Amino acid sequence: MKPVNFGLVGLGGYAKVYHDILTELVENKTARLIAVAEWQPEKFNDPIDKLKRAGVKIFKDYDELLAVCEKELDIVALPVGIHLHVPFTIKALKRGIHVLCEKPVAVTIQDVDSLIQEREKSGKMVFIGFQEILSPSIRQIKERMIAGELGKIHTIKLKGGWPRPKSYYTRNAWAGKLRMGTNWVLDGPAHNAMAHYLNNMFYVASPLPSQSAVPISIQAELYRAWPIETYDTVCLKSKLNTGTDLFFFASHCSETEFHPEMSIIAEKATVIRKFENGATTIHYNDGRKENFDDGTANPRREVFVSAIKNLQGQDAHHCSLEIARSQTLCVNGMHESCPKIFEIPPSEIIDKEIPLAPNSTEVDSLKVIRGFDAMIHQAYYTEKLFSEMDIKWGRSTQLFNLKDYHHFPSTDFSIG
Ligand SMILES: NC(=O)c1ccc[n+]([C@@H]2O[C@H](COP(=O)([O-])OP(=O)(O)OC[C@H]3O[C@@H](n4cnc5c(N)ncnc54)[C@H](O)[C@@H]3O)[C@@H](O)[C@H]2O)c1
C-alpha cells in the first residue's frame, strides 16, 4: 500500500504524542510526514532539526502549511486547542484534505453540525481522536450491546478524580477558559481530560453500530475551587434518547487520584469498566461472569492506523463526527443548565504544595476540596447530584431540555 501523506500541527503538549506515533508509522512506511506547523519553533529546536534533516517542511503558520503543501497532503493531524478544532478542520476540508482532529469535535453544537455539512460538501473524511472507543474493552461492550446481550441500559454512570496542578492551567492560553476572544472554549473535565469517558457512555448506550445515544435533557452543577473562568468539578444527570439515565461525576480537585470507573446497569447484566487497561467485568443476571481488558492494544496509535486504513479504502472503525456529537451536546446542555459556575467557599479548599516534577525542588500546587472523595463516591453510588446530598456548598440547578437544541447558547445569557 502507498504510504499516507500527513501534515501535523504542533510538536509539544499532546502534539508530542502525535509526533511520536507518526515517527513510528513513518519508520514502518505506513505514513510519510510531509510538513509540520509549530507556532513556537524556538521551543523545539532538536525535533525540528531532525525533521528538517528527514526532509519534512517546517512552518510557523498552519495556513502557510496548507497553501504550500496542499497538493502533497492526504491528511492533516490537528492536536491543537479545542477552540481551533472546527476552524482548522474546515480549512483543510476546503482544500480537499482529510482530517484527524483531536477531541472534543467542537465546542458548540452548531459548529459540529456545520462541520458535518462541510465534510459532506468536501467528500473527505474527518476522524476524531476519541481513542477510547477504539479500545478492545469498549468495543467488546459495544458488541454485546449491539447483539442484545446486555438488554436495555437503565443507568450508566462514571466517576473520576484527577487532581490537576496550577501548571495544568498555565500550560497554554486556553486551559481553564470559557472563551478565547469571541470563540467559546468551555474547557473543563467534561470537555477535556475526562471527555473520553463521557463519550464512551454515549457510545456504548446506543445498540446501533457506529452511533451514540443522544442526551435529551440534562441537569448539571458546575463548581470551581481554582480561580479560573470555567469549572474544575462537575456532577450531572442526563436522560438519553434510549431511555437510559446517565450520571457523570468528575473533578480536578479530589483529595486523591482515582481513575475513571464506569458502571452500566442493564436489563440482563451489570458491567463495570475500570480505567486500568480497560479492565471490565460483566455480571450477567443468569449467573455468568465475563472478564476482559485492553491487552496490549494502544488505542492512541489505533486512531492513526484506522484513519490510514480508511484512506486506503478499508472500512475501519473510527470515531466519526456523528459519534462525537453527543459529548459536545452534553457539554453545551451542562452550561445551559448551570450558566453561572458556583464558587467552592475558600474555607472548604485546602492548598497543597507538590514538586513541579518528580525529584524537582521547584514547587507546583493543588487545590483540594475538603472531604471531597467521600462525597463523590457517595454521589456515584446513590446517583445523586451534590445539591441533593448533605454538602454545604452544593447548589441546585434547572433541568435543561435538549430536544430540538441546535445553538449554544440558546439565549443571550451570561455564562461564567
Ligand atoms: N486524546 C487524548 O488522550 C488527549 C490528551 C491530552 C490532550 N488532548 C487534546 O489535544 C489537543 C491539544 O492539547 P494541548 O493541551 O497539548 O494544546 P496546546 O495548545 O498546548 O498545543 C499543542 C501544541 O501545538 C502547538 N500549537 C497550538 N496551536 C498552534 C497553531 N495554531 N499553529 C501552530 N502550532 C500550534 C503548541 O505550540 C503546542 O506545541 C486538545 O484538543 C486536547 O483536548 C487529547
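Parameters and conventions
- Residues numbered from 1 in each chain as written.
- Predicted model: local features only at pLDDT ≥ 70, side-chain atom pairs only at ≥ 80, totals over all residues.
- Helix = DSSP H or I, 4+ residues; strand = E, 2+ residues; numbered from the N terminus.
- Rg over C-alpha atoms; globule rule 2.2 N^0.38 Å.
- Contact = placed C-beta atoms within 7 Å.
- Pairing = 2+ DSSP bridges.
- Axes fitted to C-alpha atoms, helices over the stretch in contact; angles between N-to-C directions.
- Parallel < 35°, antiparallel > 145°, perpendicular 65-115°, else oblique.
- Nonpolar A, V, L, I, M, F, W, Y, C, P; charged D, E, K, R; others polar.
- Buried ≥ 20, exposed ≤ 12 C-beta atoms within 10 Å, placed from the backbone.
- Domains from an automatic or database assignment.
- Near = placed C-beta within 6 Å.
- Expected span 1.5 Å × (residues − 1).
- Core = buried A, V, L, I, M, F, W, Y, C linked by C-beta atoms within 7 Å.

Caption draft 1: Just the overall build of the chain, in detail. When helices and strands are counted, the chain shows eleven helices and 20 strands. Since a compact globule built from 416 residues should have a radius of gyration of about 22 Å, the 21 Å found for the chain is in line with a globular shape. Along the three orthogonal principal directions, the C-alpha set of the chain runs to about 60 × 50 × 45 Å.

Caption draft 2: Examining the environment of Phe-127 more closely. Relative to the helices and strands, Phe-127 is located in strand E6 (residues 126-128). Sequence-wise, Phe-127 and His-252 are 125 residues apart; in three dimensions their C-alpha atoms are separated by 28 Å. With residues up to four places along the chain from it excluded, the contact list for Phe-127 reads Leu-100, Val-303, Ser-306, Ala-307, His-318 and Cys-319.

Caption draft 3: Representation of the sheet that holds strand E4 (residues 75-78) in the model. Taken together, six strands build an open sheet; the order of strands is E3-E2-E1-E4-E5-E6 and the sheet is parallel. Two strands close off the open sheet at either side, each with one partner strand: strand E3 (57-59) and E6. Here the strands of the sheet are splayed against their neighbours by 20 degrees on average, with no regard to which way each runs. The sheet strands contacting helix H9 (residues 299-311) are strand E1 (4-9), strand E2 (31-37), E4, strand E5 (98-101) and E6, and the helix crosses E5 at an angle near 165 degrees.

Caption draft 4: Spotlight on the packing of helix H6 (residues 136-146) against helix H8 (residues 195-205). With their axes 9 Å apart at the nearest point, H6 and H8 run at an angle of 25 degrees to one another. Accordingly, the angle class assigned to the pair H6 and H8 is roughly parallel. Counting all contacts with H6, which are made through Ile-138, Ile-141, Lys-142 and Met-145, the residues of H8 involved are Asn-200, Tyr-203 and Val-204. The residue inventory of the contact of H6 with H8, partitioned by class, reads five nonpolar, one polar and one charged.

Caption draft 5: Focus on unusual backbone geometry. Across the junction of Lys-103 and Pro-104, the peptide omega takes the value -10 degrees, indicating a cis bond. On the secondary structure map, Pro-104 appears in the loop between E5 and helix H5 (109-122). In the segment running from Phe-408 into Pro-409, the intervening peptide bond is cis, with an omega of -10 degrees. Position of Pro-409 relative to the elements: it lies in the segment after strand E20 (400-401). Backbone geometry places Leu-186, a non-glycine residue, at a positive phi of 50 degrees. Mapped onto the fold, Leu-186 is located in the loop between strand E9 (183-184) and H8. Leu-186 sits in the buried class, given 25 other C-beta atoms within 10 Å.

Caption draft 6: Broad picture of the domain arrangement of the chain. Domain boundaries in the chain define domain 1 (4-131) and domain 2 (135-294 + 320-401). The centre of domain 1, based on its C-alpha atoms, is set 28 Å off from the matching centre of domain 2. Contributions of two or more residues to the side of domain 1 that touches domain 2 are made by H5 and E6. Looking at the side of domain 1 that touches domain 2, the element that brings in the most residues is H5, giving five residues. By residue class, the composition of the side of domain 1 that touches domain 2 is twelve nonpolar, four polar and two charged.

Caption draft 7: Summary view of the site of the ligand. Surveying the vicinity of the ligand reveals 24 residues, the closest of which are Gly-10, Gly-12, Gly-13, Tyr-14 and Glu-102. Counted by class, the shell around the ligand contains eleven nonpolar, nine polar and four charged residues. In terms of domain composition, the shell around the ligand takes at least three residues from each of domain 1 (4-131) and domain 2 (135-294 + 320-401).

Caption draft 8: Fine view of H9. For H9, with 13 residues, the first-to-last C-alpha span of 18 Å sits near the 18 Å given by 1.5 Å per residue. When we look at burial in H9, the residues that qualify are Pro-299, Glu-302, Val-303, Phe-304, Ser-306, Ala-307, Ile-308 and Leu-311. Summarising the contacts, the buried residues of H9 are in contact with E1, helix H1 (15-27), E2, E4, E5 and E6. Trailing H9 by a residue or two, Gly-313 shows a phi angle of about 100 degrees, which is positive.

Caption draft 9: Spatial organisation of the environment of Asp-111. Locating Asp-111 in the fold gives a position in helix H5. Excluding its chain neighbours within four sequence positions, the residues that come into contact with Asp-111 are Val-86 and Ala-106.

Caption draft 10: Broad picture of the nonpolar core. Ile-75, Val-99, Leu-100, Met-201 and Phe-248 are the most contacted members of the largest nonpolar core, which totals 119 residues. For this core, the leading source of residues is H8, giving eight residues. The two domains that each donate at least three residues to this core are domain 1 (4-131) and domain 2 (135-294 + 320-401). Ignoring anything within four residues of it in the chain, the contact list for Leu-100 reads Ile-75, Ala-77, Leu-78, Phe-127, Gly-129, Val-303, Phe-304 and Ala-307.

Caption draft 11: Spatial organisation of the pairing of strand E10 (residues 215-224). Across the ten residues that make up E10, a large majority, eight, are buried. Looking at chain direction, E10 and E20 are connected through two bridges and run antiparallel. For Ser-217, the partnering residue across the bridge sits in E20 and is Asn-401. Sheet analysis places E10 next to strand E17 (residues 342-343), joined by two bridges and oriented parallel.

Caption draft 12: Focus on H6. Taking burial as the measure, the eleven residues of H6 include eight buried ones, the bulk of the element. Among the residues of H6, Ser-137, Ile-138, Arg-139, Gln-140, Ile-141, Lys-142, Arg-144 and Met-145 are the ones counted as buried. Where the residues of H6 are buried, they touch H8, strand E14 (269-274), strand E15 (280-284) and strand E16 (289-292). Directly after H6, the chain includes Gly-148, whose backbone phi takes a positive value near 80 degrees.

Caption draft 13: Examining the pairing of strand E11 (residues 233-240) more closely. With respect to burial, E11 is a largely interior element, seven of its eight residues being buried. Across eight bridges, E10 lies against E11 in antiparallel orientation. Following the sheet pairing, Ala-220 is matched in E11 by Leu-236. Pairing between E11 and strand E12 (residues 245-251): seven bridges, direction antiparallel. Each residue of the ladder has a partner; that of Cys-235, found in E12, is Phe-249.

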